[in-house]
Amino acid sequence: MAASGKFRVADDMEIIRRVLAHIEAGTTDEGEAWREPVQNYLHPSRFAKELRLLRCSPSVFIPSAAIPNPGDHVERISFGVPLFAVRGRDRQARVFRNACRHRAMALVAGAGCSRALVCRYHGWTYRLDGELAHIPHAGGFPDLDMSTRGLVEIASREVDGLVVIDPLDDHGTDSLPRVTDAARELTDGSPWADILVSAEHLVFVESIVQQMNWKILVEQFLEGYHIRSTHRDTFYPGQYDNLSIVETFGPNSRITFPYRNIERLRQRPTSTWTVGGRLTYVYHLFPNTIVATLPDRVAVIAIDPVGVDRSTVTTYVMTTPGLAERARQAAVNAVPYNHNASVSSVLHRGAVEDNEMSAGVQRGLRAGANAFVEFGRHESAIGHFHAVLEERLAQL
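Parameters at a glance
Residues numbered from 1 in each chain as written. Predicted model: local features only at pLDDT ≥ 70, side-chain atom pairs only at ≥ 80, totals over all residues. Heavy atoms only, no water. Helix = DSSP H or I, 4+ residues; strand = E, 2+ residues; numbered from the N terminus. Rg over C-alpha atoms; globule rule 2.2 N^0.38 Å. Buried < 20%, exposed > 50% of the residue type's maximum accessible area, 1.4 Å probe, protein only. Contact = heavy atoms within 4.5 Å. Pairing = 2+ DSSP bridges. Axes fitted to C-alpha atoms, helices over the stretch in contact; angles between N-to-C directions. Parallel < 35°, antiparallel > 145°, perpendicular 65-115°, else oblique. Nonpolar A, V, L, I, M, F, W, Y, C, P; charged D, E, K, R; others polar. Core = buried A, V, L, I, M, F, W, Y, C linked by side-chain atoms within 4.5 Å. Domains from an automatic or database assignment. Phe/Tyr/Trp six-rings, centres within 6.5 Å; stacked < 30°, edge-to-face > 60°. Lys NZ or Arg CZ within 6 Å of the ring centre and 35° of its normal. Expected span 1.5 Å × (residues − 1). Arc of directions from axis to C-beta. Salt bridge = Lys/Arg side-chain N within 4 Å of Asp/Glu carboxyl O. Buried area = accessible area lost by both parts, 1.4 Å probe.

1. Quick notes on the overall build of the chain
Summing up its helical and strand segments, the chain has 10 helices and 20 strands in all. Since a compact globule built from 396 residues should have a radius of gyration of about 21 Å, the 22 Å found for the chain is in line with a globular shape. Referenced to the eigenvectors of the C-alpha coordinate spread, the extents of the chain come out at roughly 80 × 60 × 40 Å. Per-residue burial over the chain gives 51% buried out of 396 residues. Restricting the contact set of the chain to residue pairs at least 6 apart, pairs at least 24 apart contribute 64%.

If you want it as structure tokens, here you go:
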């Protein structure tokens, strides 16, 4: 799964070798320790500065699987800005600000598929490419030029299974080189391409508001130090405590979490080694997107800051068409798909446990016990995230 562009991660064989070496030595990947001031999670002015940075940065909007067919559309509030994506008749994905050009009514609610985009308030109608096509009783607007009143598009590109948007706020020509570099960091190299391009069948979408700072939610994905204590009856029986491979590429990172069954590969020829069902790859795509490989599926998780202690987490779960068909046939034939159901249950319980811990961190930060949050050398992916954030905030 090595990338072909600027950014590279280790291939599957190298990852297996590194994992087996850590198991034998009782070690894990280590990097730089990090101390993050508690006030950086609590202070409104810090949050406002972070939100300004996020709106001035390219970011992942949705996985391509969310809008597979012409006319498919889906909304999301990104960094406080209502947006929606739609796939045109030319099969191009476009992203627009979610507002009718008449009275600013939100044009898209939830997800759906339409031949045209019609405002529910007064019936203004837009083509899938955003052009204004029809105004009821148009004579009431004698000075309106329809050619200038199409939907307001956010520049975007669709690469390797993701729709990536340009900055939501215009911040001048001086920052264009940095914006270009930041966009490349989400589209060039694409170490996650093999995973997302094949997982083109959307099976589940969920959006939940969590009462915690967005960075705490990002952090919970980036270390395995908590596996035994937090996930004793869910993940820990099948995984290792505090054993992970950490790779960084640009501002992004990939953390590998192996399963215990990976040790069976020691007795097998290396030519037969595969990682399927033997580990989870978690990609953090800076600033706020997680891509995780799970048994039989892939998850794309967008973490949107709403307030200093409030965030919206939107989860898209995809699978390959082949696995989706197996599940469909099992349902048609009334054959229990027990493995899939069991995996889903464990993943759901594990996510609940992670969110309980993150909520506890949010409460504890206000206790006044700590001046900073301590991240150890085995939590270096979190340190990398904060270091990149600090560097880019300094550029504002």
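The rest of the description comes next.
2. Considerations on the sheet that holds strand β10 (residues 153-154)
Spatially, the five strands line up as an open sheet ordered β6-β3-β4-β5-β10, and their pairing is antiparallel. Looking along the sheet, the strands with just one partner apiece sit at the ends: β6 (111-113) and β10. Strand direction decides the pairing type here: strand β4 (residues 81-87) and strand β5 (residues 93-97), joined by five bridges, are antiparallel. If you follow F84 over to β5, its bridge partner there is F96.

3. Side note on the packing of helix α3 (residues 44-55) against helix α10 (residues 380-395)
At a minimum axis separation of 10 Å, α3 and α10 run at an interaxial angle of 85°. Relative to α10, the element α3 lies roughly perpendicular. Facing R46, K49, E50 and L53 of α3, the residues of α10 in contact are L389, E390, R392 and L393. Considered class by class, the residues forming the contact of α3 with α10 number three nonpolar, no polar and five charged.

4. What to know about the nonpolar core
One finds I62 and I262 to be the most contacted residues of the largest nonpolar core, which totals 85 residues. Top contributing element to this core by residue count: α10, with six residues. Looking at which domains feed residues into this core, each of domain 1 (1-57 + 198-395) and domain 2 (59-165) supplies at least three. Each residue touching I62, except ones within four places of it in the same chain, is listed here: I67, V74, R76, A85, L162, V163 and Y316. If you look at the next biggest cluster of nonpolar residues, it comprises 15 residues, including L107, C119, W124 and L151.

5. Side note on the packing of aromatic side chains
The tally for this structure, following the rule as stated, stands at seven aromatic pairs. Aromatic side chains W192 and Y283 sit 6.4 Å apart centroid to centroid with 75° between the ring planes, which places their arrangement in the edge-to-face category. Taken together, the residues W192 in the loop between α4 (176-187) and α5 (193-198) and Y283 in strand β16 (residues 279-285) connect sequence positions 91 residues apart. When sorted by exposure, W192 lands in the same class as Y283, which is buried. Among the aromatic side chains, those forming a connected cluster through ring pairs are W192, F249, Y281 and Y283. Above the face of the Y41 ring, K215 is positioned so that its terminal group lies 4.9 Å from the ring centre. Stacked on the ring of Y236, the Lys or Arg R260 has its end atom at 5.0 Å from the ring centre.

6. Some details on helix α1 (residues 12-25)
Helical periodicity: at 3.6 residues per turn, an α-helix aligns residues three or four positions apart in one direction. Look at α1: 20 Å from first C-alpha to last across 14 residues, which is about the 20 Å you get at 1.5 Å a residue. Listed in full, the buried residues belonging to α1 are I15, I16, V19, L20, H22 and I23. Along the axis of α1, the buried residues cluster in a sector spanning 160°; they form a single face. Facing away from the buried side of α1 by more than 90 degrees, the exposed set consists of E24 and A25. Against β14 (245-249), β15 (252-258) and β16 lie the buried residues of α1. Within two residues after α1, G26 carries a phi angle of roughly 70°, on the positive side.

7. Thoughts on the pairing of strand β12 (residues 162-165)
Residues L162 and V164 of β12 are buried on one face, and the alternating residues V163 and I165, pointing to the opposite face, are buried as well. Across four bridges, strand β11 (residues 156-159) lies against β12 in antiparallel orientation. Of the residues in β12, the one forming a bridge with S156 is I165. Hairpin connection of β11 to β12: two residues between the antiparallel strands, including D160 at a positive phi of 50°.

8. Brief notes about the pattern of salt bridges
Following the criterion strictly, the structure yields 17 salt bridges and no others. A salt bridge links D166 to R157, with the shortest nitrogen-to-oxygen separation between them at 2.4 Å. Through salt bridges that share partners, E36, R46, E50, K215 and E390 make up one connected network.

9. Structural notes on the domain arrangement of the chain
For the chain, the assigned domains read domain 1 (1-57 + 198-395) and domain 2 (59-165). The C-alpha centroid of domain 2 is placed 31 Å from the C-alpha centroid of domain 1. Domain 1 puts 18 residues into the contact, and the matching count from domain 2 is 14 residues. Of the roughly 1,200 Å² buried between domain 1 and domain 2 on both sides combined, carbon and sulfur atoms contribute 66%. Taken as a group, R55, D304 and Y316 account for 36% of the area that domain 1 buries against domain 2, more than any other trio of residues on that side. The interface formed by domain 1 and domain 2 includes one salt bridge. Taken together, the elements giving at least two residues each to the side of domain 1 that touches domain 2 come down to α3, β18 (297-307) and β19 (310-319). Looking at the side of domain 1 that touches domain 2 element by element, the count peaks at four residues for β18. Taken together, the residues of the side of domain 1 that touches domain 2 sort by class into 11 nonpolar, four polar and three charged.

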